[in-house]
Amino acid sequence: MRTRLFAPRVFGRHVPLPLVAWLAFVWVLLWGDLSVGNVLGGLVAGAVIVWMLPLPLLDPGIRLRPVALAAFLPRYALDMVVSSVRVAWWALRPGACAPPVHLSTATLRTSSEPMTTLIIVALSSLPGSLVVEAYTGRKELVVHVLGVTDATSVQEEVTRLESRVIAVFGTKADREELR
């Protein structure tokens, strides 16, 4: 049903409408003039290109749930603020002692590569944390964190972030895998 809606068949081939719209947008940008003729020309050129050079219809394995996203963003913003304060504290702290750093292995519950990638991006975007290595076969991440010395707290934070990311972007199979 979804394929027929966003990629109708024209003369036996699928024509993905979002790709046609994207190509029309690029066409208008290249011409540098927003006019009805340029938009229509871009739509025709995009449709012809997509029809003549078909790409396979792929499912990236990512879904977006707006309600879950609305709950995720404030919590992630709070995590950003807390992490930034922690890094600033250790950077501006008087005294000669070095900040505690910890290299910890965190086990993921998901086996989805797109979800693992989103979790890695979310973790590495937080100040003071960096994913050093990812072992997708073993579902493990090696995380370098600043200001935390306890491996169990790192694992708990990664598990919480994994749950939130999958609630926002995961497929039904991804969400069922966490149960």
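Look up: the structure comes first, before these words.
Caption draft 1: Spatial organisation of the side chain of Glu 162. Secondary-structure assignment places Glu 162 in helix α6 (residues 151-169). Residue classification places Glu 162 among the buried residues on the basis of a relative accessible area of 0%. Other than its neighbours up to four places away in sequence, Glu 162 contacts Leu 108, Arg 109, Thr 110, Ile 119 and Leu 178.

Caption draft 2: Local environment of the sheet that holds strand β4 (residues 129-135). Reading across from one edge, β3-β5-β4 is the order of the 3 strands in this open sheet, with antiparallel pairing throughout. What marks the edges here is a single partner per strand, and that holds for β3 (101-107) and β4. Adjacent strand axes in the sheet meet at a mean angle of 20°, parallel and antiparallel pairs treated alike. As judged from the 7 bridges shared by β3 and strand β5 (residues 140-146), these two strands associate in the antiparallel manner. Bridged to Ser 104 within β5 is Val 143. Relative to the sheet, helix α5 (residues 113-125) contacts β4 and β5, its axis offset from that of β4 by approximately 155°.

Caption draft 3: Seen up close, helix α3 (residues 36-52). When the terminal C-alpha atoms of α3 are compared, their 24 Å separation across 17 residues agrees well with the 24 Å that a helix rising 1.5 Å per residue should span. Residues Asn 38, Gly 42, Ala 45, Gly 46 and Val 50 constitute the buried set of α3. Looking straight down α3, one finds that the buried residues subtend no more than 125° of arc, so they occupy a single side. Set apart from the buried face of α3 by more than 90 degrees, the exposed residues are Val 36, Gly 37, Val 44 and Met 52.

Caption draft 4: Summary view of the nonpolar core. Formed by 18 residues in total, the largest nonpolar core has its most connected members in Leu 123, Leu 141, Val 143, Val 158 and Leu 161. The element best represented in this core is α6, accounting for 5 residues. When sequence neighbours within four positions are dropped, the list of residues in contact with Leu 161 reads Phe 72, Tyr 76, Ile 119, Ala 122 and Leu 123.

Caption draft 5: Structural detail: the packing of α5 against α6. Following both chains from N to C, one finds α5 and α6 inclined at 125°, their axes separated by 10 Å at the closest point. When the axes of α5 and α6 are compared, the pair comes out oblique. The way α5 lies across α6 gives a crossing that is right-handed. Contact with α5, carried on its side by Met 115, Leu 118, Ile 119, Ala 122 and Leu 123, involves Val 158, Leu 161, Glu 162, Val 165, Ile 166 and Phe 169 of α6 and no other residues of that element. Looking at the contact of α5 with α6, its residues break down into 10 nonpolar, no polar and 1 charged.

Caption draft 6: Representation of the pattern of salt bridges. According to the stated counting rule, one finds 5 salt bridges in the structure shown. Ionic pairing is found between Arg 138 and Glu 140, a salt bridge with its closest N-O pair at 3.5 Å. Across the pair Glu 157 and Arg 160 runs a salt bridge, and its minimum N-O distance is 2.3 Å. A residue pair is termed a helical-turn pair when its members lie 3 or 4 positions apart in one helix, as Glu 157 and Arg 160 do in helix α6 at 3 residues. Taken together, the salt bridges that share partners define one network made up of Arg 75, Asp 79 and Arg 164.

Conventions used here
- Residues numbered from 1 in each chain as written.
- Predicted model: local features only at pLDDT ≥ 70, side-chain atom pairs only at ≥ 80, totals over all residues.
- Heavy atoms only, no water.
- Helix = DSSP H or I, 4+ residues; strand = E, 2+ residues; numbered from the N terminus.
- Buried < 20%, exposed > 50% of the residue type's maximum accessible area, 1.4 Å probe, protein only.
- Contact = heavy atoms within 4.5 Å.
- Pairing = 2+ DSSP bridges.
- Axes fitted to C-alpha atoms, helices over the stretch in contact; angles between N-to-C directions.
- Expected span 1.5 Å × (residues − 1).
- Arc of directions from axis to C-beta.
- Core = buried A, V, L, I, M, F, W, Y, C linked by side-chain atoms within 4.5 Å.
- Parallel < 35°, antiparallel > 145°, perpendicular 65-115°, else oblique.
- Left-handed = near helix turned anticlockwise from the far one by under 90°.
- Nonpolar A, V, L, I, M, F, W, Y, C, P; charged D, E, K, R; others polar.
- Salt bridge = Lys/Arg side-chain N within 4 Å of Asp/Glu carboxyl O.

Bear in mind that shape data such as this cannot, by itself, settle questions of function.
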